[in-house]
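# Descriptive analysis of the structure
As a plain string of letters, each chain reads:
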Amino acid sequence: MSTHDLIVALGEARYRVERPFGTWPANSGFVSDVAVDGRGHVFVLLRHDSLTQPDDSRVIELSPDGAHLGGWGGDTIADGHMLTTDADGRVIVVDRDMHEVIWFSAGGERLGQLGGRGIPQSPFNHPTDISVSPWGDIYVADGYAANHVHRFSADGQLLATWGQLGFEAGEFGEPHGIWTFADGRVVVIDRTRDRVQVFDRDGNVLDVWEGFYRPVAIWGDPQGRAYITDQVPSLHLIGADGVRLGRARPVLNGAHGLFGTPDGDLLLAESNPSRITRLRLLR
C-alpha cells in the first residue's frame, strides 16, 4: 500500500499533514472544536445528536502526542459548540443550545459560568464562541439567534454589547468565531457575510477583512497573526495588518475549529469526516 506525504505552506512555514490525530472511544460523537493548554494537552469537544446520553464524554483529553487520557462533561454539557483554554489551565465550553458558557478545571470539575442555563437572552441566545483576552476581559460571540458580541469583566460583569443584524461594518450576519490579541484587537468571524471584522476592545470597528467563503474559526499566534478556516475549504494566515500571508487546503470538507500547540503545530477540528488533523511544523 502506498503512502503520500502531504505538505502545505502558510507563508514561509511548511507543515506535514497528519491525520487522524489522537485516539478516543469509537462512537463518542462528532468533533466540533479543539483547544490546547499550556502543557500541550489537547481537549477535543464532541457533539451528540441526543440530549439523553449523560454518561458520554463531551470533552476528550489527549496527551501532546495524541494518547487518550480521559473524558468528561456528559452530565454537564448539552450542546458543546466551541471551547478554549485560559492562562490558568481551565477549559471553557460554549454550551450553545443551553445559552451558557461554562468554566471547567482540566479534569472536568464545573467551576462557574456566564449566562442563565436554559434561559435564552440572559444575555445569550445560542452563543457560538468565547475568547479570554490578554487584558482580562471576556468576549463572547452570540451568533446563532442573536447578532452580538458581549464584553464581560474578568469577574463576569457584563460591560457592553455591540452588533445587530446587517451588512454595514460593525453589524453581523452570524458572529461565529472570536479571538483577542495582546495589542487590543478583537477579531470576529462574520460567517454568513463572508468576512472577518476587527474591533478595538470597546467595540469600535478598526478593519474588515474580505476574501473568505463562509469563514468559520479563528486562532491567533503570539506574533499577532490570525489563522482562519473557511468552507472552501481553506486555512488562511492573516498578518496583524490584515495582509494575507498564506493559504492552504489541509482538510477535506472544512475545519469547524483550530488551535496551535506550544511546539508550533496546528490542530484542525473536522466534523466531516469527524477527526483531528495535525499540521506538523517542519523545521
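This write-up is about the structure you can find in this document. Just so it is clear, the structure is predicted and the values come from calculations on it, not from any experiment.

## Digging into the nonpolar core
Membership of the largest hydrophobic core comes to 54 residues, with the highest contact counts inside it found for V44, W209, Y227 and I228. If one sorts the elements of this core by residue count, strand β4 (residues 42–47) sits on top with 5 residues. Contact partners of W209, with chain neighbours within four places excluded, come to R185, V187, R195, V196, V198, A226, I228, I238, G239 and G242. Core analysis: the second largest hydrophobic core is formed by 10 residues, I92, F124, I130 and V140 among them.

## Re the side chain of D230
The residue D230 is located in strand β20 (residues 226–230) in this model. R247 provides the closest opposite charge to the buried, salt-bridge-free D230, at an N-O distance of 4.7 Å. At 3.1 Å, the side chain of D230 forms a polar contact with the backbone nitrogen of V232. Excluding its chain neighbours within four sequence positions, the residues that come into contact with D230 are F212, Y213, R214, P215, V216, H236 and G254.

## Some thoughts on the pairing of strand β6 (residues 68–72)
Bridge analysis of strand β5 (residues 59–62) against β6 gives 4 bridges, and the strand direction is antiparallel. Across the sheet, E61 pairs through a bridge with G70, a residue of β6. The loop that links β5 with its antiparallel partner β6 comprises 5 residues; one of these, G66, has a positive phi angle of about 95°.

## Topic: the pattern of salt bridges
Overall, the coordinates contain 20 salt bridges when judged by the stated rule. The salt bridge involving D97 is made with R96; its shortest N-O contact spans 3.7 Å. Under the relative-accessibility criterion, R96 is labelled buried at 13%. Residue D221 pairs with R225 through a salt bridge whose shortest N-O separation is 2.8 Å.

## Quick look at the sheet that holds strand β13 (residues 148–152)
With antiparallel pairing, 4 strands are arranged side by side in an open sheet as β11-β12-β13-β14. Lying at the two open borders of the sheet, with one neighbouring strand each, are β11 (129–132) and β14 (158–162). Taking the axes of each pair of neighbouring strands and ignoring which way they run, one obtains an average angle of 15° across the sheet.

## A closer look at the sheet that holds strand β17 (residues 195–199)
The antiparallel open sheet is built from 4 strands, whose spatial order is β15-β16-β17-β18. Two strands close off the open sheet at either side, each with one partner strand: β15 (175–180) and β18 (205–209). The average angle at which neighbouring strand axes cross in this sheet is 20°, direction not considered. Relative to β17, strand β16 (residues 186–190) runs antiparallel, the two sharing 5 bridges. Counterpart to V188 in the pairing with β17 is Q197.

## Regarding the packing of aromatic side chains
Summed over all chains, the structure comprises 10 aromatic pairs. Between W72 and F104, the ring centres sit 4.8 Å apart and the planes meet at 45°, which makes this aromatic pair tilted. Of this pair, W72 sits in strand β6 while F104 is found in strand β9 (residues 100–104), placing the two residues 32 residues apart along the sequence. Taking relative accessible area as the criterion, W72 reaches 10% and is therefore assigned buried. Among the aromatic side chains, those forming a connected cluster through ring pairs are W135, Y139, W162, F172 and F199. For R185, the ring lying beneath its charged end belongs to F181, and the centroid distance is 4.2 Å.

## What about unusual backbone geometry?
Keep in mind that most residues, glycine aside, have a negative phi and that most peptide bonds are trans. The amide bond that connects S122 to the next residue, P123, takes the cis arrangement and shows omega of 0°. As for its placement among the helices and strands, P123 is situated in the loop between β10 (110–114) and β11. A cis amide bond links V232 with the next residue in sequence, P233, at an omega value of 10°. The backbone of H99 shows a phi angle near 60°, a positive value even though the residue is not glycine.

Reading the values: rules and limits
- Each chain carries its own residue numbering, running from 1 in the written order of its sequence.
- In keeping with the predicted nature of the model, local features appear solely for residues at pLDDT of at least 70, side-chain atom pairs appear and are counted solely at 80 or more, and the whole-chain, interface and lining totals rest on all residues.
- To obtain the side-chain values, all non-hydrogen atoms of the structure were used and water was disregarded.
- We define a nonpolar core as any set of buried Ala, Val, Leu, Ile, Met, Phe, Trp, Tyr and Cys residues linked to one another through side-chain atoms lying within 4.5 Å.
- Burial status follows relative accessibility: with a 1.4 Å probe on protein chains alone, a residue under 20% of its type maximum counts as buried, one over 50% as exposed, and anything between as partly exposed.
- Each helix corresponds to a stretch of at least 4 residues labelled H or I by DSSP, and each strand to a stretch of at least 2 residues labelled E; elements are numbered beginning at the N terminus.
- Note on contacts: a residue pair is in contact if any heavy atoms of the two residues lie within 4.5 Å.
- In this count, Lys and Arg are taken as positive residues and Asp and Glu as negative ones, while His and the chain termini are left out.
- Throughout this description, the term salt bridge denotes a Lys or Arg side-chain nitrogen within 4 Å of a carboxyl oxygen of Asp or Glu.
- As used in this structure description, the phrase polar contact means that two N or O atoms lie within 3.5 Å; if the pair is within protein, one of them must be able to donate a hydrogen and the other to accept it, and residues adjacent in sequence are counted only when both atoms belong to side chains.
- One bridge is not enough; two strands pair if DSSP finds at least two bridges between them.
- Here the axes come from fitting lines to C-alpha atoms, over the contacting stretch only for helices, and the angles between their N-to-C directions go from 0 to 180 degrees.
- Pairs were defined over the aromatic rings of Phe, Tyr and Trp, the Trp ring being its six-membered one, requiring ring centres within 6.5 Å. Orientation was assigned from the angle between planes: stacked under 30 degrees, edge-to-face over 60, tilted for the rest.
- Criterion for a charge above a ring: Arg CZ or Lys NZ at most 6 Å from the ring centre, at most 35 degrees from the ring normal.

Keep in mind these numbers describe shape, not what the thing actually does.
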